Amino acid sequence: MRLTILFNRIFLFLFFTFVLPSSFNVLLANDVAGPSIFGAWFTECNDSSTLEIDAAGHYLLNINDNQIYVNGKVKKTKLNEYDLFYDSPADLGRGGMMLHWERFSKTKPIARLNFLPGDTIVINWHGFYDEVDHVFVWTTQPDFFNEKNKKIIMRRCASPTQR
C-alpha cells in the first residue's frame, strides 16, 4: 500500500515537473495551432464532414464518408492561417484502400485553413501530393469539396461525441 502511494506521488511529481511543461514548450516552439482552431468543425453541424483538431495540433479529417479518414498535424503559417499536413490514414474503406498512401508526402500540406471570426474556417483543399508522380491527387473527390470555388467553409460545432 505504501509503495503504491509512493509510486503515485513520484509519478505525479515527475509528470508535473517534466512532462507537462515540456509539452507546453513543444507547442510554443513548433508554433502549433492556436487555441482558436481547436475543436470540431463541420460543413453543417449535423453533417458527417468533420475536421477535429486537438490541443496538441493533431487532427482527424473525414475526407469521404466510410472511405477515407486521415490523421495529421496542423502548423501555423501566419496570423489566422494554418496548413494541414498528412500523417497517416486513420480508417479506410474499399475506395480509400485503392490510393497509394505510402507515396503521399508528409511535408507538403494537403490544405490551408484560414480562421475567420465567428467560429468559421475556410479550407483551401490541395489534395495529397504523390512524391513519385509529382502531382496532387484526390483534389476534387472529397465529400466536402466545392467545385464552384474550391473553398470549403466549416463552422465549429459540438464534437460528435458531445452531440
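Parameters and conventions
- Residues numbered from 1 in each chain as written.
- Predicted model: local features only at pLDDT ≥ 70, side-chain atom pairs only at ≥ 80, totals over all residues.
- Heavy atoms only, no water.
- Helix = DSSP H or I, 4+ residues; strand = E, 2+ residues; numbered from the N terminus.
- Contact = heavy atoms within 4.5 Å.
- Areas by Shrake-Rupley, 256 points an atom, 1.4 Å probe, with all protein chains shown as cover.
- Disulfide = S-S within 2.5 Å.
- Polar contact = N/O pair within 3.5 Å; in protein donor to acceptor, adjacent residues only side chain to side chain.
- Salt bridge = Lys/Arg side-chain N within 4 Å of Asp/Glu carboxyl O.
- Buried < 20%, exposed > 50% of the residue type's maximum accessible area, 1.4 Å probe, protein only.
- Pairing = 2+ DSSP bridges.
- Axes fitted to C-alpha atoms, helices over the stretch in contact; angles between N-to-C directions.

K.L.:
Looking at this structure, how should I read the overall build of the protein chain?
P.N.:
Along its length, the protein chain carries one helix and ten strands. Helices and strands in the protein chain line up, N terminus first, as α-β-β-β-β-β-β-β-β-β-β. Across the protein chain, every contact between residues at least 6 apart in sequence was considered, and the portion connecting residues at least 24 apart equals 53%. Here the protein chain displays about 9,900 Å² of accessible surface, and carbon together with sulfur accounts for 59% of that area.

K.L.:
Where do I start with unusual backbone geometry in this structure?
P.N.:
In most cases, non-glycine residues show a negative phi, while peptide bonds are predominantly trans. With phi around 60°, Asn66 is a residue other than glycine that occupies positive phi space. For Asn66, the location among the structural elements is in the loop between strand E3 (58-64) and strand E4 (68-78). Even without a glycine there, the phi angle at His134 is positive, about 60°. With respect to the helices and strands, the residue His134 is situated in the loop between strand E8 (128-130) and strand E9 (135-137).

K.L.:
Please explain the state of the cysteines as it appears in this structure.
P.N.:
Here, disulfide denotes a covalent bond that connects the sulfur atoms of two cysteines. Summed over all chains, the structure comprises one disulfide. Note that Cys45 is cross-linked by a disulfide to Cys157, the S-S spacing being 1.9 Å. Here the disulfide of Cys45 and Cys157 is left-handed, its torsion about the S-S bond being about -75°. With Cys45 in the loop between strand E1 (39-42) and strand E2 (50-53) and Cys157 in strand E10 (residues 151-157), the pair connects residues that are 112 residues apart, well separated along the chain.

K.L.:
Explanation requested: the side chain of Thr120 in the structure shown.
P.N.:
With respect to the element layout, Thr120 can be found in strand E7 (residues 120-125). For Thr120, the side chain forms a polar contact with the main-chain oxygen of Gly118, separated by 3.2 Å. Discounting chain neighbours no more than four positions away, the residues touching Thr120 are Trp41, Asn114, Phe115, Ile153, Met154 and Arg155.

K.L.:
Even after reading the chapter, I still don't get the pattern of salt bridges, so can you show me in this structure?
P.N.:
When the charged atoms of two side chains lie near each other, side chains of opposite charge can form a pair. Scanning all chains against the criterion turns up five salt bridges. Arg112 is the partner of Glu81 in a salt bridge, and the nearest nitrogen-oxygen pair spans 3.5 Å. One end of the pair, Glu81, is in strand E5 (residues 81-92); the other, Arg112, is in strand E6 (residues 109-116), with 31 residues separating them in the sequence. Judged by its relative accessible area of 11%, Glu81 falls in the buried class. Judged by its relative accessible area of 28%, Arg112 is partly exposed.

K.L.:
I would appreciate a short explanation of the pairing of E2 in the present structure.
P.N.:
Remember that side chains alternate between the two faces of the sheet whenever the strand is regular. Where E1 meets E2, four bridges bridge the pair, whose relative direction is antiparallel. By the bridge assignment, Phe42 is partnered in E2 with Thr50. Counting the residues in the hairpin turn of E2 and E3 gives four residues, including Gly57, whose phi is positive at 85°.

K.L.:
Can you help me understand the sheet that holds E5 in this one?
P.N.:
Note on sheets: strands pair through backbone hydrogen bonds, and any given pair is parallel or antiparallel. With antiparallel pairing, the eight strands of this closed barrel are ordered in space as E1-E2-E3-E4-E5-E6-E7-E10. Across the sheet, the mean angle separating the axes of adjacent strands is 30° when strand polarity is ignored. Of the strand pairs in this sheet, E1 and E10 are connected by three bridges, and their pairing is antiparallel. Counterpart to Ala40 in the pairing with E10 is Cys157.

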